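Descriptive analysis of the structure
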Amino acid sequence: MQAIGFVSLWMLSWLFGGLAAHPGEHEDVVKHAIKLHRGRGAVATQRRQWVLESCRKLSGLLRQKNVVLNKLKNAIRAVEKDTGLSDEEKLFQVHTFEIFQKELNESENSVFQAIHGLQRALQGDYKDVVNMKESSRQRLEALREAAIKEEMEYVELLAAEKHQVEALKNMQHQNKSLSILDEILEDVRKAADRLEEEIEEHAFDDNKSVRGVNFEAVLRVEEDEANSKRNASKREVEDDLGLSMLIDSQNNQYILTKPRDSTIPRADHHFIKDIVTIGMLSLPCGWLCTTIGLPTMFGYIICGVLLGPSGLNSIKSIVQVETLGEFGVFFTLFLVGLEFSPERLRKVWKISLQGPCYMTVLMIAFGLLWGHLLQIRPTQSVFISTCLSLSSTPLVSRFLAGSVRGDKEGDIDYSSVLLGMLVMQDVQLGLFIAVMPTLIQAGASTYSSIVKEILRILLLIGQILFSLAAVFLICLVIKTYLIGPYYRKLHMESKGNKEILILGVSAFIFLMLTITELLDVSMELGCFLAGALISSQGHMVTEEIMSCIEPIRDFLAIIFFASIGLHVFPTFVIYELTVLLFLTLSVVIMKFVLAVLVLSLILPKSSQYIKWIVSAGLAQVSEFSFVLGSRARRAGIISREVYLLILSVTTLSLLLAPALWRAAIMKCVPRPERRSST
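All of these numbers come straight from a predicted model, not from anything done at the bench.

Rules used throughout
Residues numbered from 1 in each chain as written. Predicted model: local features only at pLDDT ≥ 70, side-chain atom pairs only at ≥ 80, totals over all residues. Heavy atoms only, no water. Patch = residues over 30% accessible without salt bridge, like charges linked within 9 Å, V, L, I, M, F, W, Y side chains within 5 Å. Areas by Shrake-Rupley, 256 points an atom, 1.4 Å probe, with all protein chains shown as cover. Salt bridge = Lys/Arg side-chain N within 4 Å of Asp/Glu carboxyl O. Helix = DSSP H or I, 4+ residues; strand = E, 2+ residues; numbered from the N terminus. Buried < 20%, exposed > 50% of the residue type's maximum accessible area, 1.4 Å probe, protein only. Disulfide = S-S within 2.5 Å. Phe/Tyr/Trp six-rings, centres within 6.5 Å; stacked < 30°, edge-to-face > 60°. Polar contact = N/O pair within 3.5 Å; in protein donor to acceptor, adjacent residues only side chain to side chain. Contact = heavy atoms within 4.5 Å. Pairing = 2+ DSSP bridges. Axes fitted to C-alpha atoms, helices over the stretch in contact; angles between N-to-C directions. Core = buried A, V, L, I, M, F, W, Y, C linked by side-chain atoms within 4.5 Å. Expected span 1.5 Å × (residues − 1). Bend = angle between axes of the 7 residues up to and from the residue.

Right, let's get into a nonpolar patch on the surface. There is a patch of nonpolar side chains on the surface, built from Phe 366, Leu 369, Trp 370, Leu 373, Leu 374 and Ile 376 and spanning about 600 Å² of accessible area. Along the chain, Trp 370 falls in helix α13 (residues 342-373). Classification of Trp 370 by relative accessible area gives partly exposed; the value is 48%.

Turning our attention to the state of the cysteines. Under the counting rule described, the total for this entry stands at zero disulfides. Cysteine Cys 289 remains unbridged, with the sulfur of Cys 285 as its closest cysteine sulfur at 7.2 Å.

Let us now look at the pattern of salt bridges. Across all of its chains, the model carries three salt bridges by this definition. Here Glu 493 ties to Lys 489 by a salt bridge, and the two come within 3.1 Å at their closest N and O atoms. With Glu 493 and Lys 489 both in helix α17 (residues 447-493), this residue pair falls four residues apart, about one helical turn. Residue Glu 493 is classed as partly exposed on the basis of its relative accessible area of 43%. For Lys 489, a relative accessible area of 45% gives the class partly exposed. The salt bridge partner of Glu 544 is Lys 498, with a shortest N-O separation of 3.6 Å. Highlighted residues: Glu 544 in helix α20 (residues 539-565) and Lys 498 in helix α18 (residues 498-518), separated in sequence by 46 residues. With a relative accessible area of 16%, Glu 544 lands in the buried category.

Throughout the structure, instances matching the rule amount to seven aromatic pairs. On the numbers, 5.6 Å between centres and 80° between planes, the contact of Phe 327 with Phe 330 is edge-to-face. With a gap of three residues between them, Phe 327 and Phe 330 both fall in helix α12 (residues 318-339), about one helical turn apart. Residue class for Phe 327 comes out partly exposed when judged on its relative accessible area of 30%. Given the relative accessible area of 6%, Phe 330 is considered buried. Relative to Phe 510, the ring of Phe 331 has its centre 6.3 Å away and its plane inclined at 85°; by these criteria the two rings are edge-to-face.

Let us look at the side chain of Lys 611. Looking at the secondary structure, you find Lys 611 in helix α23 (residues 611-618). Side chain to side chain, Lys 611 and Ser 600 meet in a polar contact 3.1 Å long. Sequence-distant contacts of Lys 611, defined by excluding residues within four places in its chain, comprise Val 596, Leu 599, Ser 600 and Leu 603.

This brings us to the side chain of Gln 425. Along the chain, the position of Gln 425 falls in helix α16 (residues 414-443). For Gln 425, a relative accessible area of 2% translates into the label buried. Of the polar contacts made by the side chain of Gln 425, one reaches the backbone oxygen of Ser 389; its length is 3.3 Å. Among all residues touching Gln 425, those that are not within four sequence positions of it are Pro 356, Ser 389, Leu 390, Ser 391 and Leu 618.

Moving on, we come to the sheet that holds strand β2 (residues 245-248). Pairing in this open sheet of three strands is antiparallel, and the strands run β1-β2-β3 from one edge to the other. Two strands lie at the open edges of the sheet, namely β1 (218-221) and β3 (253-255), each paired on one side alone. Sheet twist, expressed as the average angle between the axes of neighbouring strands with direction ignored, equals 30°. Direction of pairing for β2 relative to β3: antiparallel, over a ladder of three bridges. Along β3, the bridge assignment pairs Ile 247 with Gln 253.

This brings us to the nonpolar core. With 95 residues, the main nonpolar core has Phe 334, Met 512, Ile 534 and Ile 545 as its most contacted residues. Look past the residues within four positions of Ile 534 in its chain and what remains in contact with it is Phe 334, Leu 338, Ile 483, Val 505, Phe 508, Val 541 and Ile 545. Ranked by size, the runner-up nonpolar core spans eleven residues in total, among them Met 363, Leu 580, Leu 594 and Leu 644.

Its identity as a non-glycine residue notwithstanding, Asn 313 has a phi of 55°, on the positive side. Looking at the element boundaries, Asn 313 is found in the loop between α11 (296-307) and α12. Its relative accessible area of 43% is what places Asn 313 among the partly exposed residues.

What follows covers the pairing of β2. On a regular strand, one side chain projects to one face of the sheet and the next to the other, so that they alternate. As defined by bridge partners, β1 adjoins β2 across four bridges and the pair is classed as antiparallel. Counterpart to Val 221 in the pairing with β2 is Met 245.

The next thing to look at is α20. Counted at 1.5 Å a residue, the expected span for α20 with its 27 residues is 39 Å, and the 36 Å between its end C-alpha atoms agrees. The largest bend in α20 amounts to roughly 35° and is located at Ile 549, with the proline Pro 551 lying one to four residues further along.

Let's shift gears to the environment of Leu 219. Tracing the backbone through its elements, the reader meets Leu 219 in strand β1. Not counting residues within four places of it along the chain, the set of residues in contact with Leu 219 comprises Met 245, Leu 246 and Ile 247.

The next subject is the environment of Arg 266. With respect to the secondary-structure elements, Arg 266 resides in the loop between β3 and α10 (269-291). By relative accessible area, which is 27% here, Arg 266 ends up partly exposed. In this structure, the C-alpha to C-alpha distance between Arg 266 and Leu 256, residues ten residues apart in sequence, is 9.7 Å.

Spelled out as structure tokens, the structure:
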């Protein structure tokens, strides 16, 4: 250790000696250092003398830096006391001195950090990969911090340059008389500067010291990569407009969400191009599916496949497209609730509550059994079973759209049962998402803490049930006191102007969505309840609102189904087609059989015939398994391979759903009543 310390001290002194030496002396210093290292041509006294001389040079540099810093402080005080300078000139000169002070301090710190890193490397073991990795991480952090400091210094230099320009303008204005127009423009300029200072958010400075914030290295890709000359000439413009894309070391891509200067309007051209492309390609894909007898929604999914990562890879704003597609789900469920009156809800509420719960419990039981046989972790088995137990509400809503669903005397309408069970599954989805973090912790806990985790899960379930009770209480108050006067006001204000009606209905949807979200319940349930509340005002109200909202729903549904196609990977399906077909058929058959079994137990004898139709509607996997699967993959519950299997099985089950639905309709529904949207 003494030898290592001596070598480290010698390297430190050699480096400082090299820094202090004249450039012409570098070669002699290096030769002298090599001789010292090999122990040739130097005695101990000469070696000590060389070290002392290098240390004296280092101390001389540090003393000289302190002298310069003191002079800069005195210069700053002198500038501040100088009454002959304007405020702009004082600000510019003081800013320049402060930047030079910071440059001296940062240069000194950089030298000592480099020496510290060299000493740490010499003391380490070159065979220890973990130690070298830690050293590399520390150097990376130091480089990131240095880059941040350099960026801040560059910004300060820009500010100093701006102050210099301001000072020059003021001097010119003092030397000549201004016209009325020049005075007006000068006042406008000052007001604009104050406006920028007021609205500018110092997000970088405010958040860089927040706990959990990390510095990352990113690549900046300009808007038009093909024309480098155009980029070079537009660099300053793009710096201001934020039209470029950032890519981090994990290959995540970022687009500007909020600009520094909010006075200039901006548009996300990537997002606009993505929506335009999806809209244009959805038309031929929808026509093709209509021609071969498939629902148009599969044409929109194919559109997403062609434009997504597995196809042309032309969609840049994938997150934004998926976010807009979520509004398609919201409006779809609103129209479902609009056709699902509270009277029908009261008629089937027991079946809607019991059916999904029984099916989920049975699916989890079968999943644990197969997981035990295949030696799969219980946490992973429970999660996969939960994903597969959900069914697609938007898909079944498209099946039921426009079909005749009048209740028979003493019978229960199959559409009421099916929609009620699907809405209950949407509630379960919110519960699964809420419970997932606790399940992750429970899977990693020891036996002594499992009891606490179970109590936490039970407490969380109790909170969800309390939230559901609060939601339905709010719905009761709205139905009794608010919804009637609210709609009459909208109807009166919207005569000759449908904008008010559409805006009022949309605002009510978003209000119910927000209420359920604040109560930690599924947002989809809020949209469904909004439709159910409005449907309580009568058939004429339902028809009027549906005629206004349906076009909006149809367009947003196109975006939603196209966003599903972005996560479909045909090459993976082709490679594992046999396994995926077997898994998909197994899941579809199992869900169908379990649904028939559960409905046989809870349906009245007079309505047993609808169990085949309801079971056919439930025998597929919900597209929300994508959401659950992505969260579970990030949390480490499932692997990448399992995640791709869930995506593929979900997609194939959705493709098989129309055929199974048609078969059930052909068998169980009399011919005069058949009118399905498929």
